[in-house]
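Analysis of the macromolecular model
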Amino acid sequence: MDTLNAEDLRSSATLIMKLWTSSKTASSGNEAELSKLNYHLRNLLPDAEKYPNPINFVIPTWETLWRLVATCLARVYDNAEYCHVFEEFLQDPTSRRFHDHSDSTISNVGYSDGLCADFIINETLRLHPPSRHISRSFPIETPSISIPVPKLTFVGGWPVLTLDWRHRTQIQTEVADIEAAHLSTDIWGMNALTFEPRRWALHADKDAPTLFVFGHGPLMCVGKKWAPMAAAIIVGAILECIKADGLEIVGGRSIGGREGWDDWMIQSFET
Ligand code: HEM
């Protein structure tokens, strides 16, 4: 960490955010910002052979993970019980502790019964999925629309032009509404909009509702197993640093997404 330049980190984060947001509306005109971003990323990842295009290395991890960490912090910072779960997990950052919600392991400290970091992370991903929609595009043939394709053949040595009628191929895009599935009262019950990590204790059997946040099938996220635990460690470490440095999180009006965090603050405890 000591070798990473804070300005490179800050600028990279700001520029990725800016480019990502403008990619939803504009399709060009961001070349100057893209080259600035590449400059800062190259400073952070100087090995050009290992990281020929550093943005490819950074984006899949960073873009989703920071949002999970930010929304999770926003959900837990003012709840002593939830904060305690992350403190405990940071002391023993193992897969066993991440998933362990048995009363006997944690109840000796007086709270956090039946709770574990896994449940809190899952509940955050359910209410604040970093990818709200996942789409797939594929070619389909439309039998109703035929297009003529000229074809040259030779009959008795003479060239003959004929027309082949082929079905037109169109690109069809299907979009899975991940957020709608995660917030559906039909699936999650009447308290679907409530942050209730303990619901995950009831969702252990194989037919229980699940998260779609990492996608599905052959293109499913390769970080699916690793990312939730990594996020929990980062949340625990941030909470620990804030406490150790005499700081506190001051919540804003609402929990942001890619934007909307302007009124959230970290300030000295005394102010
Ligand atoms: C909470 C954190 C994360 C979320 C919510 C997330 C979500 C996703 C989603 C929705 C996809 C597309 C899946 C599909 O189209 O079906 C994806 C793909 C991918 N993710 Fe993640 N991701 C996360 C963290 C990570 C991390 C930490 C890494 C790297 C270690 C990573 C690497 C990738 C890669 C490389 C792909 C592309 C896979 C492919 O196309 O073959 N992700 N992720």
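Above this text is the structure in question.
Criteria and thresholds
The residue numbering used here restarts from 1 in each chain and proceeds along that chain's sequence as written. Selection of residues for local features in this predicted model requires a pLDDT of at least 70, selection of side-chain atom pairs for listing and counting requires 80 or more, and totals for whole chains, interfaces and linings are taken over all residues. Values shown for side chains rest on all heavy atoms present in the structure; no hydrogens or waters enter the calculation. Think of it this way: one heavy atom of a residue within 4 Å of a molecule or strand is enough to make that residue near it. Identification of polar contacts relies on pairs of N or O atoms within 3.5 Å, with a donor-acceptor requirement for protein atoms, meaning one able to donate a hydrogen and the other able to accept it, and with residues adjacent in sequence counted only if both atoms are side-chain atoms. Inter-axis angles, ranging from 0 to 180 degrees, are taken between N-to-C directions of lines fitted to C-alpha atoms, where helices are fitted over the stretch in contact. Counting from the N terminus, the helices are the DSSP runs of H or I reaching at least four residues and the strands are the DSSP runs of E reaching at least two. Should an angle fall under 35 degrees it is taken as roughly parallel, and over 145 as roughly antiparallel, whereas 65 to 115 is taken as roughly perpendicular and any remaining angle as oblique. Residue contacts are defined here by distance: any two heavy atoms, one from each residue, within 4.5 Å place the two residues in contact. As a working rule, the residues Ala, Val, Leu, Ile, Met, Phe, Trp, Tyr, Cys and Pro are called nonpolar, Asp, Glu, Lys and Arg charged, and the rest polar, with Gly in that last group. Atoms are scored as donors when they are N, O or S and lie within 2.8 Å of the metal, with 3.2 Å used for Na, K and Ca; no water is included, so coordination may look incomplete. In this description, a nonpolar core means a group of buried Ala, Val, Leu, Ile, Met, Phe, Trp, Tyr and Cys residues linked to one another through side-chain atoms lying within 4.5 Å. Relative accessibility thresholds used throughout: buried, under 20% of the residue-type maximum; exposed, over 50%; partly exposed, between the two (1.4 Å probe, protein chains only).

To continue, consider the site of the ligand. Taken together, 17 residues are adjacent to the ligand, and Thr-61, Thr-64, Arg-136, Leu-219 and Cys-221 come closest. Here Arg-136 contributes a side-chain N or O atom positioned 2.6 Å from an oxygen atom of the ligand. Backbone polar atom of His-216 to an oxygen atom of the ligand: 3.2 Å apart, as the coordinates give it.

Take the packing of helix H3 (residues 54-76) against helix H4 (residues 80-91) next. At a minimum axis distance of 8 Å, the contact between H3 and H4 shows a crossing angle of 130 degrees. In terms of orientation, H3 and H4 fall into the oblique class. Along its contact with H3, which presents Cys-72, Arg-75 and Val-76, the element H4 presents Tyr-82, Cys-83 and Phe-86. In terms of residue class, the contact of H3 with H4 is built from five nonpolar, no polar and one charged.

Let's shift gears to the coordination of the iron atom of the ligand. Metal coordination angles in their ideal form are 109.5 degrees for the four-donor tetrahedron and 90 or 180 degrees for the six-donor octahedron. Within the protein, just one atom coordinates the iron atom of the ligand: Cys-221 (SG), at a distance of 2.3 Å. Note that Cys-221 resides in the loop between helix H9 (185-188) and helix H10 (226-244).

By size, the foremost hydrophobic cluster in this structure holds 41 residues, and its most contacted members are Val-76, Phe-86, Ile-120, Ile-121 and Val-235. Elements that contribute at least two residues to this core include exactly H3, H4, helix H7 (117-127) and H10. With nine residues, the top contributor of residues to this core is H3. Excluding anything up to four places from it in sequence, Phe-86 contacts Cys-72, Val-76, Ala-117, Ile-120, Ile-121, Ala-232, Val-235, Gly-236 and Leu-239.

Spatial relationships are all this shows, so hold off on functional conclusions.
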